[in-house]
Amino acid sequence: MRTQTENTARVVVIGAGMAGARLAARVPGVTVIGEEEHAPYNRVLLAEVLAGRYAPDVIALPPAEVRRGVRVVRIDPADRLVHCDDGSVVRYGRLVLATGSNPVLPPLRGLGNTLPDGVHPFRTLDDCLALRAAVRPGTRAVVIGGGLLGVSAARALAECGAQVVLAQQGEHLMERQLDAESAGLLRRHLEALGVEVHTECRVRGLRCTDSAVRAVELADGYELEAEITVLACGVRPRTGLALAAGLDVRKGIVVDDELRTSDPYIHAVGDCAEHRSTVYGLAGAALEQADVLAEVLAGRPAHYTGTRALTRLTLRSPAPALAAALPAAPAAAPVTGALDLAAFGDSRPLPGDDVIRLADATKGAYRSVVVRGDRLAGGVLFGDLGAVGTLARTWQNDEPLPADMSLLHLLTNDGGL
């Protein structure tokens, strides 16, 4: 066990997720300390590993020097020291907090500090591998949470042959990204994969026997049998180290446009950071913040002004053997081929906004954009993503729309429905 003070690193990064790994690739000589035993990996692709489409090594990020399996227990800002659980102490010139986020554990009856057997979060590669090892064809699985993570987990479990129920408290799936019509298309596609979807469905607790989950109890008293329960109820920034070090923390660790915290020698990036009152919790924002911070640490002028991120999701058709066992899909939601979804900005119009929607029920295709003034405010494309490039670039660059461009042209450009 190390007890000496190391004085070799100018820049120290706590966290070996996507933001920490990106910094390691951009900043020479950086020291990265990560809790996980795995090399850094792309969290966006965890559902592909769960589905068995990718092996874990396929989602590994470019090699980076990381002290793996080491947890930081305390930061000493006065002496600029990082104390680790293996007894080592690391001195820093600049410290970067890339501590990410933790899965939200909902206040359910039967869910204590120790998760019952069969109850899984879905946040890390270890979570993914544990789920992969537990699921078998016919396994009864309940996914709690119908956001992007819950939808991805439900789809992956269905591809493994599990009998999946998805319980969503809100009115429709992926409420943060989708409008009601596109959410309905998504629901029908999941149902065609064999997923039983319940919306406006509040979970009250878990029924466990011998410390193992047996059923998920709903508020109306109905029980969903479960051998596996997946918690996909959102994430919360990991701010404990920052709070203990006296940094300014609100929802996340507060940073300025140079990703600097209230301590001038400490920065924060990724899911743990709050910039201009926003915690993004998105891979794209984490990478963009890491790129800006790399420039700042190199002494070059750079400022982070926010991220305009695009959400993408691909749902594939069931394998032939599974498809044969599923009920016929509704005519409005064919399940042949992959189904692609893209969402950006605010798809919910405000008074005075212009909205245009195009739908083709026979193809299961849907497009909707919201125009606010002379700019795109948001949109959803479902099924055929031919126009996503032009729309995404226009929105991400916050460009005014040409005065001679019709709203219909926005959706039919690059191929149309």
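All values derive from a computational prediction rather than experimental measurement.

1. Let's talk about the overall build of the chain
- Looking only at helices and strands, the chain features 10 helices and 26 strands.
- Long-range pairs, those at least 24 residues apart, make up 62% of the contacts in the chain between residues at least 6 apart in sequence.
- When the accessible area of the chain is evaluated, it comes to approximately 18900 Å², of which 49% is carbon and sulfur surface.

2. Topic: the pattern of salt bridges
- Under the criterion given, the structure shown has 27 salt bridges.
- As a salt-bridge pair, E159 and R53 come within 2.4 Å of each other at their nearest N and O atoms. Linking E159 in helix 4 (residues 148-159) with R53 in the loop between helix 2 (46-50) and strand 4 (66-67), this pair joins segments that are 106 residues apart in sequence.
- Residue classification places E159 among the partly exposed residues on the basis of a relative accessible area of 24%.
- As a salt-bridge pair, E223 and R207 come within 3.1 Å of each other at their nearest N and O atoms. With E223 in strand 16 (residues 223-225) and R207 in strand 14 (residues 203-209), the pair connects residues that are 16 residues apart, well separated along the chain.
- For R207, a relative accessible area of 32% translates into the label partly exposed.
- Among the charged side chains, a network of salt bridges with common partners joins R22, R26, D291, E295 and R300.

3. Things to note about the packing of aromatic side chains
- Counting across every chain of the model gives two aromatic pairs.
- Between Y280 and Y304, the ring centres sit 6.3 Å apart and the planes meet at 80°, which makes this aromatic pair edge-to-face. Residue Y280 is found in the loop between strand 21 (273-275) and helix 7 (283-297), and its partner Y304 is found in the loop between helix 7 and strand 22 (310-315); the two are separated by 24 residues along the sequence. Residues Y280 and Y304 agree in their burial class; the two are buried.

4. Description of the sheet that holds strand 20 (residues 266-268)
- With parallel pairing, five strands are arranged side by side in an open sheet as 4-3-2-8-20. Of all the strands in the sheet, the pair left with one neighbour each is strand 4 and strand 20.
- The sheet contact formed by strand 2 (residues 11-14) and strand 3 (residues 31-33) spans three bridges and is parallel. The residue bridging V12 from the neighbouring strand is T31, located in strand 3.

5. What to know about the side chain of T239
- Following the sequence through the fold, T239 ends up in the loop between strand 18 (235-237) and helix 6 (240-244).
- Those residues in contact with T239 that lie beyond four places of it in its chain are V249, K251, G252, I253 and C272.

6. Thoughts on the sheet that holds strand 17 (residues 228-231)
- An order of 10-17-11-12-13 is seen for the five strands of this open sheet, with the pairing classed as parallel. The open sheet has two edge strands, strand 10 (119-121) and strand 13 (196-198), and neither has a second partner. Pairs of neighbouring strands in the sheet enclose a mean axial angle of 20°, with direction left out of account.
- Judged from the four bridges that link them, strand 11 (residues 140-144) and strand 17 form a sheet pairing that is parallel. Each residue of the ladder has a partner; that of V142, found in strand 17, is T229.

7. Re the environment of P237
- Mapped onto the elements of the fold, P237 is located in strand 18.
- When the C-alpha atoms of P237 and I253 are compared, they prove to be 8.2 Å apart, with 16 residues separating the residues in sequence.
- Those residues in contact with P237 that lie beyond four places of it in its chain are G100, S101, K251, G252, D271, C272 and V279.

8. Section: the state of the cysteines
- Considering all chains together, one arrives at zero disulfides under this definition.
- Note on C128: no disulfide assigned, nearest cysteine sulfur contributed by C160 at a separation of 8.9 Å.
- C128 gets classed as buried once you look at its relative accessible area, which sits at 0%.

9. Observations regarding the pairing of strand 6 (residues 81-84)
- Residues L81 and H83 line one face of strand 6 and the alternating positions V82 and C84 line the opposite face, and both faces are buried.
- Pairing geometry for strand 5 (residues 72-76) and strand 6, over four bridges, is antiparallel. The partner of R74 across the bridge, within strand 6, is H83.
- Hairpin connection, strand 5 to strand 6: the antiparallel pair is bridged by four residues, and R80 has positive phi, about 55°.
- Where strand 6 meets strand 7 (residues 89-91), three bridges bridge the pair, whose relative direction is antiparallel.

About the criteria used
- Residues numbered from 1 in each chain as written.
- Predicted model: local features only at pLDDT ≥ 70, side-chain atom pairs only at ≥ 80, totals over all residues.
- Heavy atoms only, no water.
- Helix = DSSP H or I, 4+ residues; strand = E, 2+ residues; numbered from the N terminus.
- Contact = heavy atoms within 4.5 Å.
- Areas by Shrake-Rupley, 256 points an atom, 1.4 Å probe, with all protein chains shown as cover.
- Salt bridge = Lys/Arg side-chain N within 4 Å of Asp/Glu carboxyl O.
- Buried < 20%, exposed > 50% of the residue type's maximum accessible area, 1.4 Å probe, protein only.
- Phe/Tyr/Trp six-rings, centres within 6.5 Å; stacked < 30°, edge-to-face > 60°.
- Pairing = 2+ DSSP bridges.
- Axes fitted to C-alpha atoms, helices over the stretch in contact; angles between N-to-C directions.
- Disulfide = S-S within 2.5 Å.

Nothing here speaks to function; it is all geometry.
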